[in-house]
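Read off the chains here:
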Amino acid sequence: MSATVSPQWLDTPDHSSPWGDDVLNLNDADFADKRLSARRNAVKTVSEAKDIQGGSGYEKRVADLARERHRPGTLTLVIVNTVDRARKVFDEITKGIKTEKRIVERAAGKRKAAQGSLLAGDGVLYPRVRLLHSRFRVKDRAAILRESALSGAPLDAAGEIVAATQAVEAGVDASARLLISEIAPWSSMVQRLGRCSRAGEFDPDGGGEFVWLNRATKNEAAPYELKSVEKSAEIMRGFEGKSASPAALESQRDALGEAEYVHILRRRDVIDAFDNSADLSGGYTDISRYVRNDDDKSAFVFWRNSGGGGDFSESLSGQISPSRDELVSVPIGDFKKYLSAKIPKGKTARSLWVWDFVVGVWKKIGDGEVRPGTSVMLDAQLGGYLEGKGWNVSDWSAVNPVEPERGEIGNDGHESDPYSVGARSAVTLSDHSRGVEREAAAILSALGIDEKYPATTEAVKTAALFHDVGKVHPAFQTMLRGGEEPNDGEEPLAKSGVGAGARIESERRQFRHEIGSAMAVLQNADNLAEGNWRDLAAYLAMSHHGKVRIRLQPLSRGANAIPPKDFLLGYGVELAESLKPVDLGEGLECPETRVDISSESRMGSADGVEERSWQDRATEVLERLGPFLLTFLEAITRAADRRASAKERSECP
Amino acid sequence: MVKTLVMSNKRIDLAMDGCVPREMLSYLKALGVLKAITEGKDKSAQGFWMDGDRWVVRSVLDMDEALDFFMNEYQPTPIVSPWNKDSGFQSGGELAKASALNRIISEESPRFNDWRAVCHEARRAVEEAGGRFDKAEDRKNWILRRCRNRFPDAALEWFDAVFVLTDESGAKDPPLFGSGGNDGRFEIGANYVAGVEQCLLNRSPAQSEEWLENALFASKSPSVKNRKVRTVGFFDAEASSHDLINPWDFVLAMEGVLLFAGSASRRLGAGARSYAAFPFMVNSSASAGSQTVSGDESASKSKGEIWTPVWENPASFREVKLLMSEGRAEIGGRQAENSVDFARAISGLGVTRGISAFDRYGFLERNGQSRITAWLDRVPVPSAPPSASNALFDLDRPRQRIRNGKNLPASIKSLGNRLEESVYQFAKNRGGAASLQDILLRVAEVERYAGKIRDEEKLPPMSRFQKRWEREADDGSAEFRLALSLASIVGDGGALSIRENLEPVTVDGKTKTVKWSKEPRGAFVWNALKDPLLNMAAILERRCVDSGRLEGANIPRWTEGGARALNT
């Protein structure tokens, strides 16, 4: 049960709204429970702060209200609708307390002089003040939360005042005695009310206080729509002087209104989106409209030290991908402001850097090229972030970068294969193949899939066993051996040891070993009947890096270049290539495999032959299993590979 | 006439001579037939253009079975456009069409199950929109969004073929179907409904079958006696708009149209300009390669182009769908956005492998009303990219400046068109030195006129061409060697680059940066009206005068690309 969801919202073409026994409601026994009833009937007295109007000095008035009505030992929460206002309110509260302190201390000093006593003035308590919004680095935000009563940290005798944005609406289990909030759409107001005397903690002392600020005017409603806040203000007025307890709010469920139909994700869209080839080759699919319902598009930023020069020229290739802790979510529109901020003396021009997945390099982009959801690297020397305040384009003081987690891999690009060259010591192909097969079997068994779906199990295990067969290709073996061709009789490797590994020879750039592996399954996995199950296993082998899935097509070589015609994803187009037999351990040998990249990558079947192209096979597998089941099996195969690789690393001396 | 060509694996190759390439209607019909047979009869059916010209469907159906399938089993995709006035859903619209719709949904036959569900949702959308909107546009947008969110899956392709819903500005129309399924004032969906009624609920099935046979196999002389179904310009450039048409032609072509629905990855792709959301649709770049446009061009406005792929290996409908959903035409790391770049994408093999050629059609708008689609050209996919393809990237920026330049003189714009044309011909005709030289001549023309305005912002002098031009444009002729020899007087050792004599430019001795010269006549002595020899003499004279202060460096005795009179 949620106070902010209307059951009717669940009604979509794929899923009609539930009714009858499908809906689980609270019953009388539930209502009789004390813990529940304390929450349902918690007193939160509503009042409108009519004397606080917008305009200049607004934030100070809000701050003063919070300070004056704050009670020692409790939490006071001020929620405003924009980050900017939250910062100002925070500043004003801090300033107000400082002034007060000074006055009190001065008075105490006089008294002290008069009475010769230290007592007076010592009894005054000043609450801690904190700022919380969405423009903090994940790590910093977590640190603020950790110390705050918002996440259950104990309050001292003075208590705490938090200035926040709607970022605290969801996922924060805090209970404020006094909650001051700007008007917001009704579902948000319900969330905010829920943070006031949450479990009726303040009922013995007269209950929680919920003071709201009316901003339902044309100029002040942003970022919300005027209509929706007007409606909300009307409901709030109905509660004036009364308690808006959850029980009282239940009657207002209709106010949540009809679902605002914006974008519903349809089956057709899901199936389309399964094929990510467009993104793999440098395109970009923006799914944010299905994830969030506000219009603000945002991207992430993180800071790194450029090592001088301001443009990372020295240290670019050494930058690994960011970890979550480093990221701040920033509205797309702010990038322009960031770049165009006036450059102070002693600083150089700012720039934006993103990882180009296709080519495998960091590249500099303009503010117009920032896409929602991407991570943008900024130079720590050129500011943009203030400790305790968050994202701030006009600040140029050096940012202290969060140390990225030193994972064992660097950045992933289309041509790279960090897992193959990152092992501590060399691993043979047969050992690795069996290792991954074991891990796959373990996962399937833990999930109970092996007993229920033996054929699927066999297909996944086969994919696991064959997934790296394509690595037997001489070009790949040479790459793993740091550029030296393997000697006759030398066992093929799956992973190179420390320091080994070179770039693959240039005409075979974009070489993907998975293609050879998938062909090996199709031609040589005799344990599976030809057709459906073998096709599935081949697909899982092909997709185990997520880089080649439905289509075999040349990847862009970046701007201003036409890919060479003789090679496609590293394989010769003119003549089919053949892969040597591979020892898969336990006495099993995968015989020679033919890779005919030309006919596999072509649309349609070759003349007179019943051979199918890869895309025909792959789309049929997708059609048969559907996107979710297929993704699930892909994930199992991938996880098995990762686990086996992790074990190889830890078992090595 | 024997239509059955080969029997392989109990599968029959059925040539459909009613579907010919180079006609939009026929092309779409071919796709529609494959879609219908795959969805309704044989999941492994395949289709291909034999020798690039003859549509063949390989499936379990022979000719009679195919006719029987379409007459008795085929379930037409429900296509309705309740957002349009004459769709049969809105009050005040044309009601005759609604009666066809009513007939279809009151049929008991399971063939029309989807139709009932779609019409139900369409009516609800219109009813609920009711009078709650002040502006007609808001109401339409609400209905559109509602339809996209609530239509049964079967009807979504039509929606995605005629609209792309954007986050910012509501709905956008693709160039393909006029505005949201209207051709001028003609409602396409309602016409389709009338077609379905004529084909499947005809009081004389024999008549319908005769039409069908003609539509698929071109077997009988067309005797179009229906009084209801008309063509639209999009399908047929020849027929004057809204002529009567064989209803089966229309119905099957509409099935084919659905393949041009924008896929999620295109709709949600970066930018999602309305064209980019739809496969194989690009801006037309000037008139490049399109001298063959029929009709009076003066009265027509180009509304973009569509390039339809032709393949010769049997491909399943799955593969065709994938081909269309991707609509790949990549050149230098980006999708082609205009016809010249589409031709370059083809020659650079930036298209799906297995396509043998593209037919290029232009959308033209006539008198602000209906649109026609005219076949313009066929561009084959080569087996290898022309060797000089990479050189052409040097022209991308200047070409773009000329195309998009707002305040450029008409003379430069029109020379820009000639340049576009030469690049198009290069791509289409697989390059070659002569073709590349032609491009260079066009570049020089543009440059000469650009030298008259000398605007560094609008159109700086062309520069920084890759060395490969020298090699690739060399046709072995004496003229080329002579030209190269002169051009390679690049001004080393304090001497002037010969460009400064030929054009009003300055060339920085060190960085080789070329800029328009501030003073109109410095070293620039070339006079286009004079004989070239006299011009060369003038250049020599000028350089001799200058060389006094340059200590002789200005008279080159040797150039990098030197020519000798030996092997002419």
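Below or above, wherever it landed, is the structure these notes cover. Position numbers for residues start from 1 in each chain and track the written sequence from start to end. Chain letters start at A and ligand numbers start at 1, both assigned in the order the entries are written. Residues qualify for local features only when their pLDDT is at least 70, as the model is predicted, and side-chain atom pairs are given and counted only at 80 or more; totals for whole chains, interfaces and linings, by contrast, use all residues. The basis for every side-chain value is the complete set of non-hydrogen atoms in the structure, without hydrogens or water.

Further remarks concern the overall build of chain B. We count a stretch as a helix when DSSP gives it H or I for four or more residues in a row; a strand needs E for two or more, and each element gets its number in order from the N terminus. Along chain B, the regular secondary structure elements total 19 helices and 17 strands. Going through the 568 residues of chain B one by one, you find that 57% of them count as buried. At a minimum sequence separation of 6, the contacts of chain B that also span at least 24 residues come to 66%. Summed over its atoms, the accessible surface of chain B is roughly 23,900 Å², and 50% of this surface lies on carbon and sulfur atoms. When a residue's accessible area, from a 1.4 Å probe over protein chains only, is under 20% of the maximum for its type it is buried; when over 50% it is exposed; and in between it is partly exposed. We call two residues in contact whenever any of their non-hydrogen atoms come within 4.5 Å of each other. Here the open area of atoms and residues is found with the Shrake-Rupley method and a 1.4 Å probe, where only the protein chains shown may cover a residue.

Residues and elements named next belong to chain A. Excluding any residue in a salt bridge, patches collect residues exceeding 30% relative accessible area, merging like charges within 9 Å and nonpolar Val, Leu, Ile, Met, Phe, Trp and Tyr side chains within 5 Å. We count a salt bridge whenever a side-chain nitrogen from Lys or Arg sits within 4 Å of a carboxyl oxygen from Asp or Glu. A contiguous nonpolar surface patch, about 270 Å² in accessible area, is contributed by L447, L629 and F632. Along the chain, the position of L447 falls in the loop between α14 (429–446) and α15 (449–452). Among the residues examined, L447 registers a relative accessible area of 47% and is labelled partly exposed.

Another point: the side chain of R192(A). All names here are of chain A. Looking at where R192 falls in the secondary structure, it is placed in helix α6 (residues 186–193). Relative accessible area serves as the criterion here: at 0%, R192 is assigned to the buried category. The contact partners of R192, leaving out residues within four places of it in the chain, are I79, N81, Q166, E169, L179, S181, E182, A184, F210 and Y224.

With 59 residues of chain B at the contact, the number on the chain A side is 53 residues. Of the roughly 4,800 Å² buried where chain B meets chain A, counting both sides, 46% is carbon and sulfur surface. Here chain B is connected to chain A by 6 salt bridges. One salt bridge in this structure joins R318(B) and D616(A), with 3.1 Å as the shortest N-O distance. In protein, a polar contact requires one atom able to donate a hydrogen and another able to accept it; more generally it is a pair of N or O atoms within 3.5 Å, and residues adjacent in sequence count only if both atoms are side-chain atoms. The interface formed by chain B and chain A holds 20 residue pairs in polar contact (both at pLDDT 80 or more) in total. The dominant element in the side of chain B that touches chain A, judged by the number of residues it contributes, is helix α11 (residues 317–326) of chain B, at 7 residues. Residue polarity follows a fixed list, in which Ala, Val, Leu, Ile, Met, Phe, Trp, Tyr, Cys and Pro are nonpolar, Asp, Glu, Lys and Arg are charged, and the others, Gly among them, are polar. Across the side of chain B that touches chain A, the residue classes break down as 20 nonpolar, 19 polar and 20 charged. Once two parts are joined, some of their accessible surface, as seen by a 1.4 Å probe, is lost; buried area is that loss totalled over both.

All names here are of chain A. Judged by pairing direction, the sheet is parallel, and its 6 strands sit side by side in the order β1-β6-β5-β2-β4-β3 without closing on themselves. Among the strands making up the open sheet, the edge pair consists of β1 (44–48) and β3 (128–132). Each strand of the sheet is rotated relative to its neighbour by a mean of 15 degrees, with strand direction disregarded. Note on pairing: DSSP must find at least two bridges between two strands before they are called paired. As defined by bridge partners, strand β2 (residues 75–79) adjoins strand β4 (residues 160–164) across 5 bridges and the pair is classed as parallel. Each residue of the ladder has a partner; that of I79, found in β4, is A164. Note on definitions: angles span 0 to 180 degrees between N-to-C directions of axes, and those axes are lines fitted to C-alpha atoms, for helices only across the stretch in contact. In the packing of helix α5 (residues 138–147) onto the sheet, contacts are made with β3 and β4, and the angle to β3 comes to roughly 145 degrees.

Residues and elements named next belong to chain B. Counting buried positions over the 6 residues of strand β4 (residues 54–59) gives 5, a clear majority of the element. Direction of pairing for strand β2 (residues 11–15) relative to β4: antiparallel, over a ladder of 4 bridges. Counted as the bridge partner of I12 is S59 from β4. In the sheet, strand β3 (residues 46–50) pairs with β4 via 5 bridges, with the strands oriented antiparallel. Across the sheet, the residue bridging to Q46 is R58, located in β4. Taking the residues that link successive antiparallel strands as the turn, the β3-β4 hairpin has 3 residues, and the phi of D51 there is positive, at about 55 degrees.

A word on the packing of aromatic side chains. Residues and elements named next belong to chain B. Between the rings of Phe, Tyr and Trp (Trp by its six-membered ring), a pair exists once the centres lie within 6.5 Å; its type follows the angle of the planes, with under 30 degrees stacked, over 60 edge-to-face, and the other angles tilted. Tallied over the full model, the rule gives 24 aromatic pairs over all chains. Pairing Y27 with W49 gives two aromatic rings, centres 5.7 Å apart and planes at 5 degrees, and the pair type is stacked. With Y27 in helix α1 (residues 24–40) and W49 in strand β3, the pair connects residues that are 22 residues apart, well separated along the chain. We classify Y27 as buried; its relative accessible area is 0%.

It is worth spelling out unusual backbone geometry at this point. With glycine set apart, most residues show a phi of negative sign, and most peptide bonds adopt trans. Looking along the chain, the bond that leaves A222(A) and enters P223(A) is cis, with omega of 5 degrees. Topologically, P223(A) is positioned in the loop between β6 (208–213) and α7 (226–238). Of note in this structure, L569(A) is not a glycine but carries a positive phi near 50 degrees. Looking at the secondary structure, you find L569(A) in the loop between β16 (567–568) and β17 (571–572). Residue L569(A) is classed as buried on the basis of its relative accessible area of 4%. Even without being a glycine, F280(B) presents a positive backbone phi close to 60 degrees. Within the secondary structure, F280(B) is located in the loop between α10 (264–267) and β9 (281–282).

When charges are counted, Lys and Arg are positive and Asp and Glu negative, with His and the chain ends excluded. To locate a charge, the coordinates of NZ of Lys, CZ of Arg, CG of Asp or CD of Glu are taken. Among the surface-exposed residues, K98(A), R102(A), R106(A) and K110(A) lie close enough to one another that they form a single positively charged patch. Residue R106(A) is classed as exposed on the basis of its relative accessible area of 53%.

In this section: the side chain of D468(A). All names here are of chain A. Note on placement: D468 falls in the loop between α16 (454–466) and α17 (474–480). Under the relative-accessibility criterion, D468 is labelled buried at 1%. At 3.0 Å, the side chain of D468 and the side chain of H513 are in polar contact. Apart from residues lying up to four places away in sequence, D468 is in contact with L429, H432, A494, H513, S517 and H544.

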